[in-house]
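# Architecture at a glance
Residues per chain are reported as follows:
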Amino acid sequence: MVKLFNFKFKKENWQLVLEPKRLVAFSISRHRGSSKIDKRIEIAGDFVFGERLMAENLLKAIDQINQKNQINEAGLSLNLPNFFTKIISIQNVDPKNFINILTLKVQNEVPISLDRYFWTYQRLYSQNDFKKFLLVFYQHDIIDDINNSLIRKQILPLIVEPSFLSLLRYLQTKVSFTVDNAYIVLIISNSIIITITYENNQIQNVFSESINPDEAETIVNRTLTFLTSKLTLPLANILFMSDINLPNLEQSNNKIVNLKNITTNNADEIFGIGLFERTRKFPKDTNELSLNQIKPVQEFTLTRIVQAVYFWIIFLILSASIINVSLFYFNKTLKINNKDFSLKTNQPVQTAGGKNINSDQLRSNLNQFLTESNQLIDSKKNYFSYVDTVENSSLKPNLAKTTLTNDSLKFTFTAGADQISNLRQKIQQLLPSFQISQSQNSSTTIEASANF
């Protein structure tokens, strides 16, 4: 559960951009029909190395940002290497069986170990009986650790998406893409190169990787030659931006349009603004893919409900206090003037509806309501205490996955066949209130789950 109150008259919309060596936080607002960056906080560090997230570094960076501005909810754009995509077509099927059929299709057509990758999809426009889907794949462990890091710092991730979606959404507000032409988008930011092939107003291919700045020009020329050869429509433009100086590139190809001639925003600002264009409409469903592992709409709604409950509790308590003080002084004034009227704060007060309300009873009911609300919030906080307990225990090397929903928590542990019995005993000792079971899919996997 995020922090319940932030006493500001103007709500700030925060967007985070994560790169291997940089975390940037943007506060963005709408001004005269366009998006404007109000604040920027940049924290340098080593956050992603190879296929591993340096979680402790990320947590420290979030703490540094929160020291300057407390963030309760935010979008997150991941400008990281090794995202890859695939477009898959399937025939119209019964919606009840859709996920199973799509999963089977992925298993047959994507030659990778799907256990290592988190994948998600969004539907593309299609004119025939086949449904087309854009699938995005990324390392499962990194996505898990990123989502868990935000939750540990009590930041609700409204949207988590790859940076190429943020980039394309921004460009759609600046560039007039036509259906009968093809476009190539190439961005280099913080030694990460992103390329997008865009035809028929749809993404056809995406590629991202880390590059050596000294080899940037060679890699860009080779990449453009390859992508151009794969186009099915005439190439209109190559939309280009780089924080590495490539003086000969624009002269070598007259199709290149430098985005610095279109916008004053640099690459990470483009990612942040593009993400803001999506999160500012949240929780409205845009049917775009996301890398969230919790259900942000439910968490967002629950947070808003609890905030509203707390507001009315405080309002009622303050109102009751003001009434009691007023009655006290009114009663004292009547006594001083030797009137025959008396009004004591512990006597019933008649309301406009004709009902008698005892102020002591009112305070008692309000206190009970506040206690029950706190119990609801405390149950949610158990999420974080259990996650911390496991991650700081001897079980951490065996922790394969942490799954959070708005009402449950599940840990998945793995061990060798000869260690599985010992692992089960350790889990029972550390998590006595959790239900522990053997995975149906693997004899070397144990699941511990609990509902809240």
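Residues numbered from 1 in each chain as written. Predicted model: local features only at pLDDT ≥ 70, side-chain atom pairs only at ≥ 80, totals over all residues. Heavy atoms only, no water.

On to the overall build of the protein chain. A count of helical and extended segments in the protein chain gives 10 helices and 21 strands. Residues counted as buried form 44% of the 452 residues belonging to the protein chain. Long-range pairs, those at least 24 residues apart, make up 64% of the contacts in the protein chain with a sequence separation of at least 6. Counting only carbon and sulfur atoms, one obtains 49% of the accessible surface of the protein chain, whose full area is about 24100 Å². (Helix = DSSP H or I, 4+ residues; strand = E, 2+ residues; numbered from the N terminus. Buried < 20%, exposed > 50% of the residue type's maximum accessible area, 1.4 Å probe, protein only. Contact = heavy atoms within 4.5 Å. Areas by Shrake-Rupley, 256 points an atom, 1.4 Å probe, with all protein chains shown as cover.)

Let us look at the sheet that holds strand β10 (residues 156-162). If you walk across this open sheet you meet the five strands as β3-β2-β1-β6-β10, and the pairing is mixed. Taken across any chain shown, the strands that pair with only one partner, and hence form the sheet edges, are β3 (34-44) and β10. Taking each pair of neighbouring strands and ignoring which way they run, the sheet shows an average axis angle of 25°. Strand contacts of helix α4 (residues 163-171): β6 (73-78) and β10, with the helix running at about 85° to β10, the strand carrying the most contacts. (Pairing = 2+ DSSP bridges. Axes fitted to C-alpha atoms, helices over the stretch in contact; angles between N-to-C directions.)

What follows concerns the environment of Lys-426. Locating Lys-426 in the fold gives a position in helix α10 (residues 420-430). Owing to a relative accessible area of 35%, Lys-426 belongs among the partly exposed residues under this scheme. Along the chain, Lys-426 and Leu-395 lie 31 residues apart, while their C-alpha atoms are 7.7 Å from each other. Look past the residues within four positions of Lys-426 in its chain and what remains in contact with it is Ser-394 and Leu-395.

What follows covers the pairing of β6. With six of its six residues buried, β6 lies for the most part within the structure. Of the two faces of β6, the one carrying Glu-73, Gly-75 and Ser-77 and the one carrying Ala-74, Leu-76 and Leu-78 are both buried. As paired strands, strand β1 (residues 13-19) and β6 are joined by five bridges and run parallel to one another. Its bridge partner lying in β6, Val-17 is registered against Ser-77. Sheet analysis places β6 next to β10, joined by six bridges and oriented parallel.

Take the pattern of salt bridges next. In a structure, side chains of opposite charge can pair up when their charged atoms sit close to one another. Counted by the stated rule, this structure contains 17 salt bridges. Across the pair Glu-269 and Arg-40 runs a salt bridge, and its minimum N-O distance is 3.9 Å. Separated by 229 residues along the polypeptide, Glu-269 in helix α7 (residues 267-279) and Arg-40 in strand β3 bring together distant segments of the chain. Take Glu-269: its relative accessible area is 16%, and that puts it in the buried class. (Salt bridge = Lys/Arg side-chain N within 4 Å of Asp/Glu carboxyl O.)

Another point: the packing of aromatic side chains. Taken as a whole and judged by the stated rule, the model has 10 aromatic pairs. Their ring planes at 5° and their centres at 4.8 Å tell us that Phe-84 and Phe-137 sit as a pair that is stacked. Placement of Phe-84 in strand β7 (residues 84-91) and of Phe-137 in strand β9 (residues 130-139) is noted, with a sequence separation of 53 residues between them. Given a relative accessible area of 0%, Phe-137 falls into the buried group. Taken together, Phe-84, Tyr-117, Trp-119 and Phe-137 form an aromatic cluster joined through their ring pairs. (Phe/Tyr/Trp six-rings, centres within 6.5 Å; stacked < 30°, edge-to-face > 60°.)

So, about a nonpolar patch on the surface. A cluster of nonpolar side chains, contributed by Trp-312, Phe-315 and Leu-316, occupies part of the molecular surface with about 310 Å² of accessible area. Examined against the element boundaries, Leu-316 turns out to sit in helix α8 (residues 296-336). (Patch = residues over 30% accessible without salt bridge, like charges linked within 9 Å, V, L, I, M, F, W, Y side chains within 5 Å.)

Let us now look at the layout of surface pockets. Volume-wise, the largest pocket comes out at about 900 Å³. The wall of the largest pocket is formed by 29 residues, among which Leu-114, Asp-115, Arg-116, His-140 and Lys-401 lie closest to the centre. When contributions to the lining of the largest pocket are tallied by element, the ones reaching two or more residues are α2 (98-109), β8 (117-124), α3 (140-152), β18 (399-404), β19 (408-414) and β21 (445-451). If one sorts the elements of the lining of the largest pocket by residue count, β18 sits on top with four residues. In terms of residue class, the lining of the largest pocket is built from six nonpolar, 15 polar and eight charged. One number sums up the size of the second largest pocket: a volume of about 520 Å³. Ala-55, Asp-145, Glu-391, Lys-396 and Leu-399 are, among the 21 residues lining the second largest pocket, the residues nearest its centre. Of the residues forming the lining of the second largest pocket, the biggest block, seven residues, is contributed by α3. (1 Å grid on protein atoms, 1.4 Å probe; cavity = no way out; pocket = protein on both sides within 12 Å on 5 of 7 lines; lining within 4 Å. Points joined across faces, edges and corners; volume = space filled by probe spheres on them. Nonpolar A, V, L, I, M, F, W, Y, C, P; charged D, E, K, R; others polar.)

Tracing the backbone through its elements, the reader meets Ala-61 in helix α1 (residues 55-68). We classify Ala-61 as buried; its relative accessible area is 1%. Along the sequence, Ala-61 and Glu-42 sit 19 residues apart, while their C-alpha atoms lie 9.1 Å from each other. Setting aside its immediate chain neighbours within four residues, Ala-61 contacts Leu-23, Ile-43 and Phe-47.

Turning to the sheet that holds β18, a few remarks are in order. Strand order in the open sheet formed by four strands is β18-β19-β21-β20, with antiparallel pairing between adjacent strands. Either end of the sheet is taken by a strand with one partner, and the two such strands are β18 and β20 (435-438). Within the sheet, the average angular offset between the axes of one strand and its neighbour, ignoring direction, is 20°. Note that β19 and β21 share seven bridges and pair antiparallel. The residue bridging Phe-413 from the neighbouring strand is Ile-446, located in β21.

Residues Leu-18, Leu-23, Leu-78, Leu-80 and Ile-203 are the most contacted members of the largest nonpolar core, which totals 63 residues. At six residues, the largest contribution of residues to this core is made by α4. Look past the residues within four positions of Leu-80 in its chain and what remains in contact with it is Leu-18, Glu-19, Pro-20, Val-48, Tyr-138, Ile-142, Ile-146, Ile-192 and Ser-208. (Core = buried A, V, L, I, M, F, W, Y, C linked by side-chain atoms within 4.5 Å.)

Purely geometric stuff here, so don't read any function into it on its own.
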